[in-house]
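Observations on the three-dimensional arrangement
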Amino acid sequence: MNDKVTLMKGNEALAMAAIRYGADGYFGYPITPQSEVLEKLEEEMPWETTGMVVLQAESEVAAINMVYAGASCGKAVMTSTSSPGFSLMQEGMSYMAASEVPALVINVMRGGPGLGTIHPSQADYFQACKGGGHGDYRMIVLAPASVQEMADFVGLGWDLAFKYRCVSMILADGLIGQMMEKVVLPEQRPRRTQEEVEKQCPWAVTGRTGMRPKNIITSLELDDDIMEANNLRFQATYRLIEANEVRCETVDTDGCDYLIVAFGSMARIAMKTMELAAQEGIKIGLLRPITLWPFPSKEVAQAAAGVKGILVPELSAGQMIEDVKLAVDCKVPVKHFGRMGGNVPTPEEVLEALKKELINA
Amino acid sequence: MNNNDIIRPENLVYKKPSLLNDAHMHYCPGCSHGVVHKLVAEVIEEMGMAEKAIGVSPVGCAVFAYNYIDIDWLEAAHGRATAMATATKRLMPDKLVFTYQGDGDFAAIGTCESIHSCNRGENIAIIFINNAIYGMTGGQMAPTTLLGQKTATCPYGRRPDLNGYPLSITPLLAQLDGTCYVTRQSVHKPASVRKAKAAIRKAFENSMQGKGTSVVEIVSTCNTGWKLSPEKANQWMEENMFAKYPLGDLKDVESKG
Amino acid sequence: MKSEIIIAGFGGQGVLSMGKILAYSGLMEDKEVSWLPSYGPEQRGGTANVTVILSDERISSPILNAYDIVVALNQQSLDRFESQVKPGGILIYDSYGINQPPTRTDITIHRIDATEATFEMNNSKTYNMIVLGAMLKASPMVTIESVLKGLKKTLPERHWHLLPLNEEALNKGMELVK
C-alpha cells in the first residue's frame, strides 16, 4: 500500500491541505457540516510546526474580516463555513473583491433558506457565482466532487487567488465534507518568509519596510470616475480569468444521446446513473463543471452538439441550469431535476427524471 | 528677532511630526480628530516605528485617517476594525497594530468585535474617539449620545424610553481579563493633550510588549454635530460629557504592581 | 469486485466507527473506498447509519438506493433497509429487541445474537467488532489481517493493548454466522 494514501473526511482534507500549502492563517466559526476543518486544525497545532495562525473567531462576520485583513497583508489566509455563515460573510466578500486581495473562502453548503437543515445542498450556487454581496464582482468558484479534490483545490484556489488578486472559493456540500475517501495530500511547502511575502505582494500592508511609500488597502473611493475605472479594472481581470481558468471534466460525452451537467456530489451520483442507464442501453454523457465561475459555457455547448436533451440535476430548485441554458442558447431541451432541503437523490431517481423529462417527454 | 531668525532650524521649538503629511484634512475646524491624528503620528515617530506601524481606520469621520498619517493602513468595514487588527497582529506579531475608531464604529455596529478582541487580549492598541454623535453621516444619534442631547435622529433629545441609555463601553472593557490598560482622556487643553499623548504611547508600548489589549478612549467634541462653536463645544463637553464619561485611568495592570 | 454496504443502528452502537474500520481495512488492501455517515445531532441517541463502498474501481456515487449488504442493528433500521438489499444480497440483523423479523426470500439473511455475545464477553464495547466479524464471515470482502492492520493504523498507540480484545471479538462475531 502507498504510504502517502490516507483516508479522511473532505473537511479534514481541507485542513490538512491548508497546512501543507504553507498557509499563514485560518479564521473561522463553527457551523455544521464543516466544523471538522477548524477542529482538525486545532488538533494538528500547525502554529507549532509551520507557524500557521489558527483562530476561532466570535462570528462569521469577524472571521471574514480577519481574512480580509490577512489577505490585505499578502498572507495566504482562509476561512470555511456553511451556508448561513456564508450569508453573514457577504459584506466581507464584496470588500475583498473591491480591494483586490487574494483569499480562500470555503462554503460546505447545507440546505436553506434560513437556518434550514444541516444536510447537503447546492442552493448557494447563485450566491457564489453571481455575487452574493453588493456591487459588480466575481470570485473563482471551484466545485470539488471528491475528497481528493477538496485537498487539491485548496492549493489551486490560493494559487489562482494570488495570480489574479481575487477571492477563490471552494463550493462543496455536506456530502463531500462529511464523506471519507482516499486522499494523497500535497507535499509540505514551507510558509513564505516575510521578505518573500513583500516581494510577491508589493501592494500589501506590511508596515513601510525601508520607508517605501505607504500602502493602503481600502474599498472606498468617493470619486465616481476613479471608482468606475476601478470597476473596469476588476472587469478586465474577470475577462482574463474567463479566458484562462475554465475547468471541467467530461465523461463519455462522445456520441452520447443525453447529456447530464452536474457538479460536486451531484456529479458523483450522476456517474452511477450513467452506469445504470448503460445497463438499459441508454447512452448518457456527463459534463462536470469544476469551475462554476468561470462557467464552462463553450465546453457545455460542444458536448451538447448532437444530443437529444440535457438534464441538470442539482441539490436546489434549479440554479446552474440557467447557465447551461445560456451556454446552449436554448437550442437543446434543458431540463431540471432537483431535491431540496438537505435531501439527496439516489442514482435511480436521477435516471427516472431523465426518462420522464427527456426520453418519454 | 525678526522673521528670518524665527524660522532658522536652531530656533525651532515645535514642528509637525513628519509622518503627518500636508494633505488638507477634511475635519471641521475645532474637531478633536486633528489633534489625535497628530499625537498618533508623533508617538509612532518618537518610538521609531514608522516602518512597523499598521493602522486600521474605521467607517466614520476618521475613515480617511489613511490619507493624513504616512504609515500603512487598512480601511475596515464598519465596526470590524478590531477583527482586522486581530488578524494583522497575529500574522505579523512584530508590527505595531492599532485601530482608530469612533463611537458608532466601536460601540454600536462593532461592539461584538470590540469586546471579543479585548477579551482575547489581542496585542493591539485601540484609539476610541467618543464625541457622542455620528459626525460623518450628518449628526445622528450615537450609542454614547447623552440623555437629552439633540441629534438628527433624536431631534427632541435622547429619551431612555425611546432610545435607550448612553453606553459607557470602556468600563465594560476594563473588566475583561484580556485588557491591560484602559483609560479615558481628552484633548481640549494643552495639559490634556500631553496626558492623552502619554496614554497613546503607553498603549502602543503595551502592544509591542505583548501585554494585552489597550484602550484609549478620547472624549471628544463634534462642534459641527453639536451645533456649537469650537470653544462652546469644549465647554459643553466639560459640563456634560465628563459627568457621564469621567476622565482618568480605568485599568492599568502595570500600576497594580 | 465491489461491495456496497449500509450499516444502521442506534447512535452509540459504534455504527460509524464500524464503518470506518471497514473502510480502513479496504484501504489496507489498496481498494477504492468511500465512507458516508448520516451526520448531525441525530447520531446521539437516535438512529445512525453509514454507507461504505469497497471497490477495485473508481467509486461513482457514495449515496445508494440498493446495497449488497445491509447490517441492521435495531428494528427501525431493519424496517427501513430490508427492502433495499439487492436481490441475492445479504441482510445481517441483530436479534436483540427485534419483534418483526425480515420476510424477504430472495436474499441471504443472517440473524446474529451480537448483543448477547457482548454479555458473554462481558464487554459492551466489543459490540461493533463482533458485528464486523459476522459481516466478514458472511461476505469476506477484506481479511481479518487487514482489519487489524487498519485498526492499528487508526488507533493511537496508547490503545494498542486493546488489539487482542478486538481480534477476539472479531472471531466471536465470525462464529455467530453459520
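Nothing here was measured: the structure is a model prediction, and the numbers come from that model. (Residues numbered from 1 in each chain as written. Chains lettered and ligands numbered in written order. Predicted model: local features only at pLDDT ≥ 70, side-chain atom pairs only at ≥ 80, totals over all residues. Heavy atoms only, no water.)

1. Some details on the overall build of chain A
Counting secondary structure elements, chain A contains 14 helices and 15 strands. Relative to the 2.2 N^0.38 estimate, which gives 21 Å for 361 residues, the radius of gyration of chain A is 21 Å and therefore close to what a compact globule would have. When its C-alpha atoms are laid out on the principal axes, chain A stretches across 70 × 55 × 35 Å. Residue burial in chain A is summarised as follows: out of 361 residues, 63% are buried. Carbon and sulfur atoms make up 51% of the accessible area of chain A, which totals about 13,000 Å². (Helix = DSSP H or I, 4+ residues; strand = E, 2+ residues; numbered from the N terminus. Rg over C-alpha atoms; globule rule 2.2 N^0.38 Å. Buried < 20%, exposed > 50% of the residue type's maximum accessible area, 1.4 Å probe, protein only. Areas by Shrake-Rupley, 256 points an atom, 1.4 Å probe, with all protein chains shown as cover.)

2. Remarks on the sheet that holds strand S13 (residues 291-293) of chain A
Residues and elements named next belong to chain A. On the basis of which strands lie adjacent, the open sheet formed by seven strands has the order S3-S2-S4-S5-S7-S6-S13 and mixed pairing. Because the sheet does not close on itself, it has two edges, and the strands there are strand S3 (53-56) and S13. For this sheet, the mean inter-axis angle between neighbouring strands, taken without regard to orientation, is 20 degrees. Bridge count for strand S2 (residues 25-28) against strand S4 (residues 77-81) is two bridges, and the pairing is parallel. Residue Tyr26 lies in a different strand from S4, and its bridge partner there is Met78. (Pairing = 2+ DSSP bridges. Axes fitted to C-alpha atoms, helices over the stretch in contact; angles between N-to-C directions.)

3. Some thoughts on the interface of chain C and chain A
The interface is formed by 28 residues belonging to chain C together with 29 residues belonging to chain A. Of the roughly 2,400 Å² buried between chain C and chain A on both sides combined, carbon and sulfur atoms contribute 63%. For the pair chain C and chain A, the number of links is four salt bridges. Where Glu275 of chain A meets Lys2 of chain C, a salt bridge forms, and the shortest distance between an N and an O atom there is 3.8 Å. (Contact = heavy atoms within 4.5 Å. Buried area = accessible area lost by both parts, 1.4 Å probe. Salt bridge = Lys/Arg side-chain N within 4 Å of Asp/Glu carboxyl O.)

4. Some thoughts on the domain arrangement of chain A
Residues and elements named next belong to chain A. What the domain assignment reports for chain A is domain 1 (5-195) and domain 2 (249-359). Taken together, both faces of the contact between domain 1 and domain 2 bury some 2,200 Å²; the carbon and sulfur share is 57%. Summed over the three residues of domain 1 that lose the most area to domain 2, namely Gln122, Tyr125 and Phe126, the buried surface amounts to 32% of that side. At the junction of domain 1 with domain 2, the criterion picks out 16 residue pairs in polar contact (both at pLDDT 80 or more). Elements with a minimum of two residues in the side of domain 1 that touches domain 2: helix H6 (125-129), strand S6 (140-142), helix H7 (147-164), strand S7 (167-173) and helix H8 (174-178). Partitioned by chemical class, the residues of the side of domain 1 that touches domain 2 number 18 nonpolar, six polar and six charged. (Domains from an automatic or database assignment. Polar contact = N/O pair within 3.5 Å; in protein donor to acceptor, adjacent residues only side chain to side chain. Nonpolar A, V, L, I, M, F, W, Y, C, P; charged D, E, K, R; others polar.)

5. Some points on the layout of surface pockets
Of the pockets and cavities examined, the largest pocket occupies roughly 1,000 Å³. Every residue lining the largest pocket is counted, 30 residues in all, and those nearest its centre are Lys20, Tyr24, Thr154, Leu155 and Pro156 of chain C. Elements supplying a minimum of two residues to the lining of the largest pocket: strand S1 (5-9) and helix H2 (36-44) of chain A together with helix H1 (15-28), helix H4 (127-138), helix H5 (144-154) and helix H6 (163-176) of chain C. Top element by residues in the lining of the largest pocket is H1 of chain C. It accounts for five residues. Of the residues in the lining of the largest pocket, the class split is 13 nonpolar, eight polar and nine charged. Of the voids in this model, the second largest pocket is the one considered here, and its volume is about 590 Å³. Forming the boundary of the second largest pocket are 22 residues, of which Val344 of chain A together with Ser38, Asn49, Ile63 and Arg80 of chain C lie nearest the centre. Put simply, the parts of the chain that give the lining of the second largest pocket at least two residues each are strand S2 (32-37), strand S3 (47-55) and helix H2 (75-81) of chain C. The biggest single contributor to the lining of the second largest pocket is S3 of chain C, with three residues. Class assignment for the residues of the lining of the second largest pocket results in eleven nonpolar, nine polar and two charged. Mapped onto the domain boundaries, the lining of the second largest pocket takes at least three residues apiece from domain 1 (5-195) and domain 2 (249-359) of chain A. (1 Å grid on protein atoms, 1.4 Å probe; cavity = no way out; pocket = protein on both sides within 12 Å on 5 of 7 lines; lining within 4 Å. Points joined across faces, edges and corners; volume = space filled by probe spheres on them.)

6. Examining the interface of chain B and chain A
Each partner contributes to the interface: chain B provides 35 residues, whereas chain A provides 38 residues. In total, about 2,800 Å² of surface goes out of reach between chain B and chain A, with carbon and sulfur atoms giving 64% of it. Contact with chain A buries surface across chain B, with Glu51, Asp72 and Leu91 of chain B losing the most and accounting together for 24% of the total. At the junction of chain B with chain A, the criterion picks out four salt bridges. Among the ionic pairs, Glu58 of chain A bridges to Arg120 of chain B, the shortest N-O distance being 2.8 Å.

7. Some words on the nonpolar core
Counting residues in each nonpolar core, the largest one holds 155 residues, and the members touching the most others are Met96, Trp158 and Ile310 of chain A. Looking at this core, the element that brings in the most residues is H7 of chain A, giving nine residues. Counting contributing residues per domain, this core is built from domain 1 (5-195) and domain 2 (249-359) of chain A, each supplying no fewer than three. Those residues in contact with Met96 of chain A that sit more than four places away from it in its chain are Ile64, Val67, Tyr68, Val101, Ala103, Val105 and Val167 of chain A. Core analysis: the next-biggest nonpolar cluster, separate from the first, contains 47 residues, Leu7 of chain A together with Leu73, Ile112 and Ala169 of chain C among them. (Core = buried A, V, L, I, M, F, W, Y, C linked by side-chain atoms within 4.5 Å.)

8. Details of the pattern of salt bridges
Summed over the entire model, instances satisfying the criterion amount to 51 salt bridges over all chains. Salt-bridge contacts for Asp70 of chain B lead to Lys214 of chain A; the nearest nitrogen and oxygen are separated by 2.8 Å. Within this pair, whereas Asp70 of chain B is found in the loop between helix H3 (65-68) and strand S2 (72-75), its partner Lys214 of chain A is found in the loop between helix H9 (194-200) and strand S9 (216-217), the two belonging to separate chains. One salt bridge in this structure joins Glu122 of chain B and Arg90 of chain B, with 3.0 Å as the shortest N-O distance. In this pair, Glu122 of chain B sits in the loop between helix H6 (111-120) and strand S4 (125-130) while Arg90 of chain B sits in helix H4 (residues 81-91), placing the two residues 32 residues apart along the sequence. On the basis of relative accessible area, Arg90 of chain B is assigned to the partly exposed category, the value being 30%. A single salt-bridge network, built from bridges that share partners, covers Lys272 and Glu275 of chain A together with Lys2, Glu4, Asp68 and Lys86 of chain C.

9. What to know about the sheet that holds S3 of chain C
Sheet architecture is open: eight strands sit in the order S1(A)-S8(A)-S2(C)-S3(C)-S1(C)-S4(C)-S5(C)-S6(C), paired in mixed fashion. Edge positions in the sheet fall to S1 of chain A together with strand S6 (108-112) of chain C, since each has one partner strand and no second. For this sheet the average axis-to-axis angle between neighbouring strands, irrespective of direction, equals 20 degrees. Strand direction decides the pairing type here: strand S8 (residues 180-184) of chain A and S2 of chain C, joined by two bridges, are antiparallel. When the sheet's bridge partners are listed, Met180 of chain A is paired in S2 of chain C with Trp35 of chain C. Contacts between H1 of chain C and the sheet are confined to S1 and S8 of chain A together with strand S1 (2-10), S2 and S3 of chain C, with S3 of chain C contributing the most and set at about 10 degrees to the helix.

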